Amino acid sequence: MAATPPSASPLFLRESEVRRGIELLYFGYSNLTRAADQGLAAQGLGRAHHRVLYFVARQPDLTVSQLLGLLAITKQSLGRVLTELADRQLVEVRTGDRDRRQRLLRLTPAGRALEADLFDRLRTKLSAAYTSAGQNAVGGFWSVLEGLIPDDDKTRLAGLKD
């Protein structure tokens, strides 16, 4: 049976309540990402590589331009990460069928295997937290996180839903 989640104070907009939320986000995210860090370190990769693997796995044939929009990083930063992933034969970069200027991204079999391993590590942590919190709390958590996303980025999120 799921534990009863602690309820927020009716004064949830006070500074102490907001700071508590920031701290929970920080420590929760840090712990979650550390679950994948060991698998990344074994490959000599970092979190930037993981983000690329994750989003390319979610949308095979994602364009470089679309990925830049999702990650909100510079072309130079993405170029370095993509070059390394391609050199390690984890990501395949190919020319678009309709527009030869497009560069389409797809994980190789080795890239899919690595991303699946990293995802399993994250799923284990997040599933345990979800189970502990219960369905209603998970829905509330999602609502809060979605509230942090600017409206113009919500269309990108919608494109990732199963």
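Just so we're clear, the structure is a prediction, and the values are computed from it rather than from any experiment.

Trainee: Describe the side chain of threonine 63, listing the residues and the values that go with them.
Mentor: Mapped onto the elements of the fold, threonine 63 is located in strand β1 (residues 62–63). On the basis of relative accessible area, threonine 63 is assigned to the buried category, the value being 9%. Here threonine 63 is in contact with Gln102, Arg103, Leu104 and Leu105, once residues within four sequence places are set aside.

Trainee: Any chance you could break down the sheet that holds β1 for me, citing the residues and the numbers?
Mentor: Strands sit in the order β1-β3-β2 across an open sheet of three strands; the sheet is antiparallel. Strands with a single pairing partner mark the edges of an open sheet, and in this sheet they are β1 and β2 (91–95).

Trainee: Run through the layout of surface pockets, naming residues and quoting values.
Mentor: In this structure, the second largest pocket occupies an estimated 170 Å³ of space. For the lining of the second largest pocket, the secondary structure elements donating two or more residues are α3 (64–71) and α4 (75–87). A total of four residues in the lining of the second largest pocket trace back to one element, the largest contributor, which is α4.

Trainee: Provide a residue-level description of the pattern of salt bridges, including the pertinent values.
Mentor: This model, assessed by the stated rule, comprises nine salt bridges. Where glutamate 17 meets arginine 14, a salt bridge forms, and the shortest distance between an N and an O atom there is 3.2 Å. Aspartate 151 is the partner of lysine 154 in a salt bridge, and the nearest nitrogen-oxygen pair spans 3.6 Å. A residue pair is termed a helical-turn pair when its members lie 3 or 4 positions apart in one helix, as lysine 154 and aspartate 151 do in helix α7 (residues 151–158) at three residues. Salt bridges here are not isolated pairs; linked through shared partners, they connect Asp61, Arg94 and Arg106.

Trainee: I'd like to hear about the nonpolar core, residue by residue, with values.
Mentor: Looking at soluble globular proteins, one finds that nonpolar side chains tend to be buried together. If you look at the biggest cluster of nonpolar residues, it comprises 25 residues, and the most contacted ones within it are Val52, Leu53, Leu67, Leu78 and Leu85. Of all the secondary-structure elements, those providing two or more residues to this core are α1 (15–42), α2 (47–58), α3, α4, β3 (103–107) and α5 (109–133). Setting aside its immediate chain neighbours within four residues, leucine 78 contacts Val52, Val64, Leu67, Leu68, Leu71 and Ile73.

Trainee: Before we move on, could you go through a nonpolar patch on the surface and cite the residues and values that matter?
Mentor: A cluster of nonpolar side chains, namely Leu25, Phe141, Trp142, Val144 and Leu148, defines an oily patch on the protein surface of about 510 Å² accessible area. Here the nonpolar patch takes three residues from helix α6 (residues 135–147), the largest share from any one element. Here leucine 148 shows up in the loop between α6 and α7. Assessed through its relative accessible area of 57%, leucine 148 is described here as exposed.

Trainee: Help me get a handle on the packing of α2 against α5, residues and values and all.
Mentor: The description of two helices packed together rests on the angle between their axes and the distance between the axes. Packing of α2 against α5 leaves a shortest axis separation of 10 Å and a crossing angle of 100 degrees. One way to sum up the angle between α2 and α5 is to call them roughly perpendicular. Here His50, Leu53, Tyr54 and Ala57 of α2 come into contact with α5, specifically with Gly111, Leu114, Glu115, Leu118, Phe119 and Leu122. Classifying every residue of the contact of α2 with α5 gives seven nonpolar, two polar and one charged.

Rules used throughout
- Residues numbered from 1 in each chain as written.
- Predicted model: local features only at pLDDT ≥ 70, side-chain atom pairs only at ≥ 80, totals over all residues.
- Heavy atoms only, no water.
- Helix = DSSP H or I, 4+ residues; strand = E, 2+ residues; numbered from the N terminus.
- Buried < 20%, exposed > 50% of the residue type's maximum accessible area, 1.4 Å probe, protein only.
- Contact = heavy atoms within 4.5 Å.
- Pairing = 2+ DSSP bridges.
- 1 Å grid on protein atoms, 1.4 Å probe; cavity = no way out; pocket = protein on both sides within 12 Å on 5 of 7 lines; lining within 4 Å.
- Points joined across faces, edges and corners; volume = space filled by probe spheres on them.
- Salt bridge = Lys/Arg side-chain N within 4 Å of Asp/Glu carboxyl O.
- Core = buried A, V, L, I, M, F, W, Y, C linked by side-chain atoms within 4.5 Å.
- Patch = residues over 30% accessible without salt bridge, like charges linked within 9 Å, V, L, I, M, F, W, Y side chains within 5 Å.
- Areas by Shrake-Rupley, 256 points an atom, 1.4 Å probe, with all protein chains shown as cover.
- Axes fitted to C-alpha atoms, helices over the stretch in contact; angles between N-to-C directions.
- Parallel < 35°, antiparallel > 145°, perpendicular 65-115°, else oblique.
- Nonpolar A, V, L, I, M, F, W, Y, C, P; charged D, E, K, R; others polar.

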